[in-house]
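# Coordinate inspection notes
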Amino acid sequence: MELRTLHYFVAVAEERHFGRAATRLHMSQPPLSRAIKRLEADVGALLFARSPAGVALTPVGTVLLDEARALLDHADRVRVRVSAAAGAANLTVGILGDGTDPGMSRLAAAYRRSHPGIDIRIRDTDLTDPTCGLRAGLVDVALTRAPFDETALTVRVLRTDPVGVVLRADDPLAGRERLRLAELSDRRWFQFPRGTDPIWQSYWNAGRLREGPVVRAVQECVQAVLWNGTVGLAPLGHDLPAELAVVPLADMAPSRVVAVWNEGDTNPLIRSFVESATAAYRHWGDGAGLGPGRIKS
């Protein structure tokens, strides 16, 4: 069995869908399907029960998934040890806003255990650069939130979080169980400085042109709500000051926590880091915690 084929198999098993797995692997679906069929022929048994809704692991597939993950993890450790011996023993990771995400905490603990010789350097960035310095060559990989311009970048989705609106606790809308974006159309919203990725700006302004104060950092967002009643959006589950409240939005697309790196970068430390991140966030579960950055506009 080739490691690449096992990598394909794990992606399909985790996504439970050939199309989503192909997107994650940055390949088309037909060659992925052919690779899995060849693997099933090698094994001599079906690995997936297929249906229009997706796939489910067969008992044989469940056994292979455990073994495949172990083999791929071992292969990554081999690559990392060889790279460390060659002098490439550090990795710079960009994060957005702060590092309070429980998924990130799990990742740090797991990566320390599996890669004790690797020096991880963290670069914290403000809300004006969703790629955390990746395009400028300041980091090797970023843990951040999409959407943003993905040109020449590779993106791995780690988790999705529902989004709410952050309001002052005494705001007339703060006591509502749920709101719709149209109910906030007359409010002032946060803006990012000129030159900020327009896809990023548009998402946090819910796809419309807005007016409001320009902010760069999380605390500026918090203070703008407290002092001026400015509307901000945030993934649900944040610890907020008692003077603030967050109300879920019924019609806002979820926020995606992602790992992102430069397309074509073959640094084995990036691969091992991203695979560890995928496992850490998968075990934590969708929507169960915070992503990099606490409040965004």
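Residues numbered from 1 in each chain as written. Predicted model: local features only at pLDDT ≥ 70, side-chain atom pairs only at ≥ 80, totals over all residues. Heavy atoms only, no water.

Let's shift gears to the overall build of the protein. In terms of regular secondary structure, the protein is built from 8 helices and 10 strands. In terms of overall dimensions, the protein is globule-like: its C-alpha atoms have a radius of gyration of 21 Å, near the 19 Å expected for 297 residues. Considering only C-alpha atoms, the protein reaches an extent of 65 × 50 × 30 Å along its principal axes. Expressed as a percentage of its 297 residues, the buried residues of the protein come to 48%. Taking the contacts inside the protein whose residues are at least 6 apart along the sequence as the reference set, 75% of them involve residues at least 24 apart. When the accessible surface of the protein is totalled, it reaches about 14100 Å², and 53% of it is carbon and sulfur. (Helix = DSSP H or I, 4+ residues; strand = E, 2+ residues; numbered from the N terminus. Rg over C-alpha atoms; globule rule 2.2 N^0.38 Å. Buried < 20%, exposed > 50% of the residue type's maximum accessible area, 1.4 Å probe, protein only. Contact = heavy atoms within 4.5 Å. Areas by Shrake-Rupley, 256 points an atom, 1.4 Å probe, with all protein chains shown as cover.)

For the pair helix α2 (residues 18-25) and helix α3 (residues 29-43), interaxial distance at closest approach is 9 Å and the crossing angle is 110°. One finds that α2 runs roughly perpendicular with respect to α3. Residue-level inspection shows Phe18, Gly19, Ala21, Ala22 and Leu25 of α2 in contact with α3, the latter providing Gln29, Leu32, Ser33 and Ile36. The residue inventory of the contact of α2 with α3, partitioned by class, reads 6 nonpolar, 3 polar and no charged. (Axes fitted to C-alpha atoms, helices over the stretch in contact; angles between N-to-C directions. Parallel < 35°, antiparallel > 145°, perpendicular 65-115°, else oblique. Nonpolar A, V, L, I, M, F, W, Y, C, P; charged D, E, K, R; others polar.)

It is worth spelling out the environment of Arg121 at this point. One can find Arg121 in strand β4 (residues 119-125). The class of Arg121 is partly exposed, set by a relative accessible area of 43%. Distance in space between the C-alpha atoms of Arg121 and His7 is 27 Å, their sequence separation being 114 residues. Setting aside its immediate chain neighbours within four residues, Arg121 contacts Asn90, Leu91, Thr92 and Val93. Of note is the side chain of Arg121, whose polar atom sits 3.2 Å from the side chain of Asp119. (Polar contact = N/O pair within 3.5 Å; in protein donor to acceptor, adjacent residues only side chain to side chain.)

Another aspect to go through is helix α7 (residues 218-228). Here α7 has its buried residues at Val218, Cys221, Val222, Ala224 and Val225. Across the axial projection of α7, the buried residues extend over an arc of 160°, all falling on one side. In α7, those exposed residues whose orientation departs by more than 90 degrees from the buried face are Trp227 and Asn228. Those residues of α7 hidden inside the fold are in contact with β7 (163-168) and β9 (244-248). The first or second residue beyond α7 is Gly229, which carries a positive phi of 70°. (Arc of directions from axis to C-beta.)

Taken together, the side chains of Met1, Val43 and Val60 present a nonpolar region at the surface, about 250 Å² in accessible area. Along the chain, the position of Val60 falls in helix α4 (residues 59-85). (Patch = residues over 30% accessible without salt bridge, like charges linked within 9 Å, V, L, I, M, F, W, Y side chains within 5 Å. Salt bridge = Lys/Arg side-chain N within 4 Å of Asp/Glu carboxyl O.)

Glancing now at the nonpolar core. Counting 40 residues, the largest nonpolar core has Val165, Leu179, Leu184, Leu233, Leu249 and Met252 as its most contacted members. Elements with a contribution of two residues or more to this core: β5 (141-146), β6 (153-161), β7, α6 (198-204), α7, β8 (232-235), β9 and β10 (255-262). Looking at this core element by element, the count peaks at 5 residues for α7. Discounting residues that sit within four places of it in the chain, Met252 has contacts with Val163, Leu181, Tyr203, Ala206 and Leu233. (Core = buried A, V, L, I, M, F, W, Y, C linked by side-chain atoms within 4.5 Å.)

Before going further, it helps to spend a moment on the packing of aromatic side chains. For the structure on display, the rule yields 6 aromatic pairs. Seen from their ring centres, Phe18 and Phe48 are 6.2 Å apart, and the 70° between their planes marks the pair as edge-to-face. Pair noted here: Phe18 is in helix α2 and Phe48 is in strand β1 (residues 48-51), with a separation of 30 residues, a long-range link. Accessibility expressed as a relative area gives 9% for Phe18, which makes it buried. (Phe/Tyr/Trp six-rings, centres within 6.5 Å; stacked < 30°, edge-to-face > 60°.)

Looking now at the sheet that holds β8. Strand order across the open sheet formed by 3 strands is β8-β7-β9, with antiparallel pairing between neighbours. The open sheet is flanked by β8 and β9, the only strands paired with a single partner. In this sheet, adjacent strand axes meet at a mean angle of 40° when their direction is disregarded. In this structure, β7 lies alongside β9, joined through 5 bridges in antiparallel fashion. What sits directly across from Val165, in β9, is Val247. Of the strands in this sheet, β7 and β9 are in contact with α7, which crosses β7 at around 45°. (Pairing = 2+ DSSP bridges.)

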